[in-house]
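Descriptive structure summary
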Amino acid sequence: MHAYDELIRALTPARSVILLSHLRPDGDAYGSALGLGLCLRALGKAVRIFNRDGLSQTYRFLPHAELIERTPARLPEADLIIALDTSTEERLGLVDSLKPVVNVSVDWNIDHHVSNTGYGRRQFITPSQPATAGIILDLITTANWPLMTDIATALYVGLLTDTGSFHHRGTNAHTFDQAARLVAAGADPTALARHCYQNISPTSFKLQQRAWTNWQFEGALAHTTLTAQDFTDCGALPEDTEGIVETGLTVSGTELSAFFELKADGGLKVSLRSKDAINVSDLAVTFGGGGHPGAAGIGFKQDGAANRQLVLDKLRKAL
Ligand code: AMP
Ligand code: MN
Ligand code: MN
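Residues numbered from 1 in each chain as written. Chains lettered and ligands numbered in written order. Predicted model: local features only at pLDDT ≥ 70, side-chain atom pairs only at ≥ 80, totals over all residues. Heavy atoms only, no water.

1. Considering the coordination of the manganese ion (ligand 2)
- Within the protein, the manganese ion (ligand 2) binds to His-22 (NE2), Asp-26 (OD), Asp-26 (OD) and Asp-85 (OD); these donor distances fall in the range 2.1 to 2.6 Å.
- Counting along the primary sequence, the residues that act as donors to the manganese ion (ligand 2) give the motif H-x3-D-x58-D.
- Separating the manganese ion (ligand 2) from the manganese ion (ligand 3) is a gap of 3.6 Å, bridged by Asp-85, which donates to each. Here His-22 is found in the loop between β1 (16–21) and α2 (27–42), whereas its partner Asp-85 is found in the loop between β4 (80–84) and β5 (108–111), with 63 residues between them in sequence. (Donors = N, O, S within 2.8 Å, 3.2 Å for Na, K, Ca; no water. Helix = DSSP H or I, 4+ residues; strand = E, 2+ residues; numbered from the N terminus.)

So this is what it looks like as structure tokens:
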């Protein structure tokens, strides 16, 4: 476990730490940041947790979720800036707005994406971990730092959601050992599954109905598309798409599932999932996106409809 020594040596003397994670945050972005943040606070450090998109409704249940703040235009002073679960600097959401956040240089880039570009001054990239929350747990265990119930809960949510409830490729004996350590430390698997999977809003359900009616199947490829109008009609939020792309893979014989979101500003968001045949991270990287072999995404700022066709053609060829 020597891999963690340098990180532990960097964190130990720091008195103030800023934690950042990716835009359109998921359970791992929030869970890894909150888990590490609460642990560093317990060690007596001043911790700020920033996310470009703030806190989404789905994850309000997380203990001390109020610590997650929307990233300000100027970051406060801190001894260390750490990015978590974020494969590219752009996905921190610091530079793509009209008011770019200034004075940011990421000291430590802690992540598990194979496609991580290595943008930090120091990197801690472990693609064998199915969640960044797992990296944080192993860090805490190695350093013998506190693992109270609230910390275990945040990390369990990261592990649960990023492994697709412990079934995505990469889930192994070590993952179940991590889950066991978190449950032993107080994480409640039943309550947390309820929060993560039986807690969607009526507007999200409406949006999912639209997505269901739009599914198209072409051999091993399944794809569905939603437009900005669909979101308006359903009164849905950007975060209400969670779970849509996964439904394409529930059909037997489907190897690859794609979900396209055509934006009002002409942009396009693509979510890709695959069973085993195709590495969707490699596919996404060719369009400037990234992710994991079984789950990846792409963002296009313009020409949404045309780029949707380009991606579809590429997917058809890949199969
Ligand atoms: P999503 O389909 O948004 O749930 O994302 C699936 C995976 O792909 C996650 O691990 C994301 O971090 C990654 N991902 C999604 N969109 C992008 C993007 N535009 N660039 C790089 N990675 C992405
Ligand atoms: Mn994530
Ligand atoms: Mn992750």
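2. What to know about the site of ligand 1
- Around ligand 1, the structure places 15 residues, and the nearest of them are His-113, Lys-269, Ser-271, Arg-273 and His-292.
- The contact in question runs from an oxygen atom of ligand 1 to an N or O atom on the side chain of Arg-91, over 3.3 Å.
- In this structure, an oxygen atom belonging to ligand 1 sits 3.2 Å away from a main-chain N or O atom of Gly-297.
- Protein burial of ligand 1: of its 480 Å² of free accessible surface, 83% is covered by the chains.
- Contributing elements (two or more residues each) for the shell around ligand 1: β10 (268–274), β11 (290–291) and β12 (295–300).
- At 5 residues, the largest contribution of residues to the shell around ligand 1 is made by β12.
- The class makeup of the residues in the shell around ligand 1 is 3 nonpolar, 9 polar and 3 charged.
- When residues of the shell around ligand 1 are sorted by domain, at least three fall in each of domain 1 (5–197) and domain 2 (202–318). (Near = heavy atom within 4 Å. Polar contact = N/O pair within 3.5 Å; in protein donor to acceptor, adjacent residues only side chain to side chain. Areas by Shrake-Rupley, 256 points an atom, 1.4 Å probe, with all protein chains shown as cover. Nonpolar A, V, L, I, M, F, W, Y, C, P; charged D, E, K, R; others polar. Domains from an automatic or database assignment.)

3. With respect to the domain arrangement of the protein chain
- Along its sequence, the protein chain is carved into domain 1 (5–197) and domain 2 (202–318).
- A separation of 25 Å is found between the C-alpha centroids of domain 1 and domain 2.
- Taken residue by residue, the interface counts 12 residues in domain 1 and 15 residues in domain 2.
- Here Glu-90 ties to Lys-301 by a salt bridge, and the two come within 3.0 Å at their closest N and O atoms.
- Summed over the shared surface of domain 1 and domain 2, the number is 8 residue pairs in polar contact (both at pLDDT 80 or more).
- For the side of domain 1 that touches domain 2, the per-class residue count stands at 2 nonpolar, 6 polar and 4 charged. (Contact = heavy atoms within 4.5 Å. Salt bridge = Lys/Arg side-chain N within 4 Å of Asp/Glu carboxyl O.)

4. So, the coordination of the manganese ion (ligand 3)
- Of the protein atoms, only Asp-28 (OD), Asp-85 (OD), His-112 (NE2) and Asp-162 (OD) coordinate the manganese ion (ligand 3), at distances of 2.1 to 2.2 Å.
- Taken in sequence order, the residues that donate to the manganese ion (ligand 3) follow the motif D-x56-D-x26-H-x49-D.
- Among the residues examined, His-112 registers a relative accessible area of 2% and is labelled buried. (Buried < 20%, exposed > 50% of the residue type's maximum accessible area, 1.4 Å probe, protein only.)

5. Here's the deal with the packing of aromatic side chains
- Summed over all chains, the structure comprises 7 aromatic pairs.
- Judged by centre distance (4.9 Å) and plane angle (35°), the ring pair of Tyr-4 and Phe-124 falls under tilted. Of this pair, Tyr-4 sits in the segment before α1 (5–11) while Phe-124 sits in strand β6 (residues 122–125), placing them 120 residues apart in sequence.
- A ring pair is formed by Phe-166 and Phe-176, whose centres lie 5.5 Å apart and whose planes are at 35°; its orientation type is tilted. (Phe/Tyr/Trp six-rings, centres within 6.5 Å; stacked < 30°, edge-to-face > 60°.)

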